[in-house]
Amino acid sequence: MKLTTLLASAAVALGLGAAAYADGHEKTKVGFVYVGPIGDGGWTYEHDKGRLAVEEAHGDKVETVYVENVAEGPDAERVMTQMALDGADLIFTTSFGYMDATINVAQKFPDVKFEHATGYKRADNVSTYSARFYEGRAIQGHIAGKMTKTNTIGYIASFPIPEVIRGINSAYIHASRVNPDVEFKIIWVYTWFDPAKEADAAKALIEQGADVVLQHTDSTAPQAAAQEAGNVITFGQASDMGQYAPFPRVSSIIDDWAPYYIARTAAVMDGTWESTDTWDGIGAGMVGIGEISDAVPADVKEEALALKAALADGSYHAFTGPLNKQDGSPFLAEGETADDGTLAGMNFYVEGITGEIPN
Amino acid sequence: MDLSAINPILLIAALMSAATPILLAATGELIVEKAGVLNLGVEGMMITGAICGFAIAVETGSPTTGFVAAAVGGALLSLLFVLLTQVTLANQVASGLALTLFGLGLSSLLGQGYVGIKPPRMGDVNFGPLADIPVVGPILFSHDPVLYVGVLLVAIVWAVLRYTRVGLVLRAVGENHDAAHALGYKVVRIRTLAIMFGGALAGLGGAYISLIRVPQWTEGMTAGVGWIALALVVFASWKPWRVLLGAYLFGGITQLQLNLQGAGVAIPVEYLAMSPYLITIVVLVILSADKSAAPGSLGRPFHASG
């Protein structure tokens, strides 16, 4: 009898204690869902750097959790649901393929804030954010067009979504502007992360005469393949991939998510979080251009930096007419620039690119 | 479309290299399953082999030592599976899945300091004048030694299973472990050795990816090859030469479809991307019409008292 009473009161006391703790809700819990491993050296690696920056900036007031290698699809929904159930206040879902899963889970947890990277579906508690990677692609295209000797540029594409297609178009526009003979060979690998397959695709492109390989996949495998071939240049994707500098990696597009993640976490803390659509580029610092190495001729480097400056201050837009679509129909008139809606939903190649976009 | 951009000789040479990791892992798993054990941990053993081989090759500067270390690493990890399924008689499916998860975690831990490092290169076997023969030379005589080891292992496994006493005992254990036990064969010991052999080959396959095919270390870099190897064993009806055929078909069509895309062939990319899976399965299903069945005791736990 005594023992039971004791146990019961202990249980009540514990319960009260736990409730008090939960009520205080001292830490803001931020969850991250990653499509690859944090050690991919590319896309996911940069998102995780952003997560670490959040911890650094907010210190004890924040707790972060992450799950890596989450497949796009039902798995993602399960992981997000679990995070929300575990008390996350803010969840960043960092791949395009998580779009529907994010919306579905957000409906079930109206009090949890969600941030979906590179998508276009929003809700009251779902924001979207992305970087204007295509601005970086313009610079890559310029350097690639100038430096290719075979006039063949290989492009390892992941999935046929607007973000990837935008990148291909932007690179092509700027490569063909400085080198009208340039030809793009595009291979769709249908994965964000599979080093062996990415390496195979890079090798296939190199065997077919490409001496520049651009990638829109997350691992550094294509860099290794290019290094092996010896006379092929590459660009770091999503992360600097500086371990392959100065050659084959001659420059890179770096995603810097840290300032955004810190700001959004702060907004949740002070209650000012609102559903927004953020799309920042070189100017705002969300897209960085990694150091252009000495393998690039000095004059080309200068032009590339001038292009970067023009993109950053807004005096030049990467999609400026005159441009036609692949089928020859007009896309942008002389001097006209593409609006964000067109860019966000881009599902066509510009004139000059051969091949078809898979459905 | 420009098919002339595809060099068939380079393509065939590339497919042999692309198929080798699957071939090695599948050959190992074939022996494991022939002994009546279903080890779903191939992916975990491969990735562990990939990092063990990579790390040792970088530290010692010798890719050969790296491959030995990869085999040892894979076999050591498989001992965990032995402990779970042969000693404590845990469920084989669950233990295998656990082994994969464990291997993925362990490898990323071991690989922390090895991201972005270039491994020592393993040279091709020197066949002297043979490599200069047109067409045949670059296809058959210009590869790294591990690729030949892979093909050789298929031949050895086939010969051992078919013609030797060891093979007969192994098959007996797999077909009916109670009968084999009654005849006085050490079922658990034989299975342990088979599992370790499978682990060693999976480790070799993983190291082939990290040391030769990519070559670099990246977390999770096997990206599902282990699962393809597992499926291949079943579709190949547990026959070594069919495993070879399946691996080369799969590797070959994967390479071909990448090359066709690069050359701009007018087949929709979606169909090209799924073709390796589809064609490999169809061919092997047609071949398996001869009603070869799975080993009788596959996946069943064995205890001497039973």
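Quick note: structure is the one above.
Residues numbered from 1 in each chain as written. Chains lettered and ligands numbered in written order. Predicted model: local features only at pLDDT ≥ 70, side-chain atom pairs only at ≥ 80, totals over all residues. Heavy atoms only, no water.

Visitor: Explain the overall build of chain B residue by residue, including any values.
Guide: Helix and strand counts for chain B stand at 12 helices and 0 strands. Counting from the amino terminus, helix and strand elements in chain B follow one another as α-α-α-α-α-α-α-α-α-α-α-α. Over its C-alpha atoms chain B spans a radius of gyration of 20 Å, differing by no more than 12% from the 19 Å that the globule rule assigns to 306 residues. Considered along the principal axes of its C-alpha atoms, chain B spans approximately 65 × 50 × 40 Å. Counting only residues that meet the buried cut, chain B has 54% of its 306 residues in that class. (Helix = DSSP H or I, 4+ residues; strand = E, 2+ residues; numbered from the N terminus. Rg over C-alpha atoms; globule rule 2.2 N^0.38 Å. Buried < 20%, exposed > 50% of the residue type's maximum accessible area, 1.4 Å probe, protein only.)

Visitor: Give me the sheet that holds strand 2 (residues 62-67) of chain A: which residues, what numbers.
Guide: Residues and elements named next belong to chain A. Taken in spatial order, the 6 strands line up as 2-1-3-4-5-11 in an open sheet, and their pairing is parallel. Of all strands in the sheet, those bounded by a partner on one side alone are strand 2 and strand 11 (277-280). The sheet shows a mean angle of 15° between the axes of neighbouring strands, taken without regard to direction. As paired strands, strand 1 (residues 28-33) and strand 3 (residues 90-93) are joined by 4 bridges and run parallel to one another. Bridging across to strand 3, Gly31 finds its partner in Ile91. (Pairing = 2+ DSSP bridges. Axes fitted to C-alpha atoms, helices over the stretch in contact; angles between N-to-C directions.)

Visitor: Any chance you could break down the side chain of Thr320 of chain A for me, citing the residues and the numbers?
Guide: Residue and element names in this part refer to chain A. Secondary-structure assignment places Thr320 in the loop between helix 10 (298-312) and strand 13 (323-324). The buried category is assigned to Thr320, whose relative accessible area is 15%. A distance of 2.5 Å separates a polar atom in the side chain of Thr320 from the backbone oxygen of His317. (Polar contact = N/O pair within 3.5 Å; in protein donor to acceptor, adjacent residues only side chain to side chain.)

Visitor: Please set out the sheet that holds strand 9 (residues 233-236) of chain A residue by residue, giving values where relevant.
Guide: Residues and elements named next belong to chain A. The sheet built from 6 strands is open, its strands ordered 7-6-8-9-10-12 with mixed pairing. On the outer flanks of this sheet lie strand 7 (183-188) and strand 12 (287-290), each paired with one strand and no other. Direction aside, neighbouring strands of the sheet carry axes that sit 20° apart on average. Two strands pair when backbone bridges link them, and strand 6 (residues 152-157) and strand 7 are joined in this way by 6 bridges, in the parallel orientation. Its bridge partner being in strand 7, Ala157 is matched across the sheet by Trp188.

Taken by themselves, the reported measurements are silent on function.
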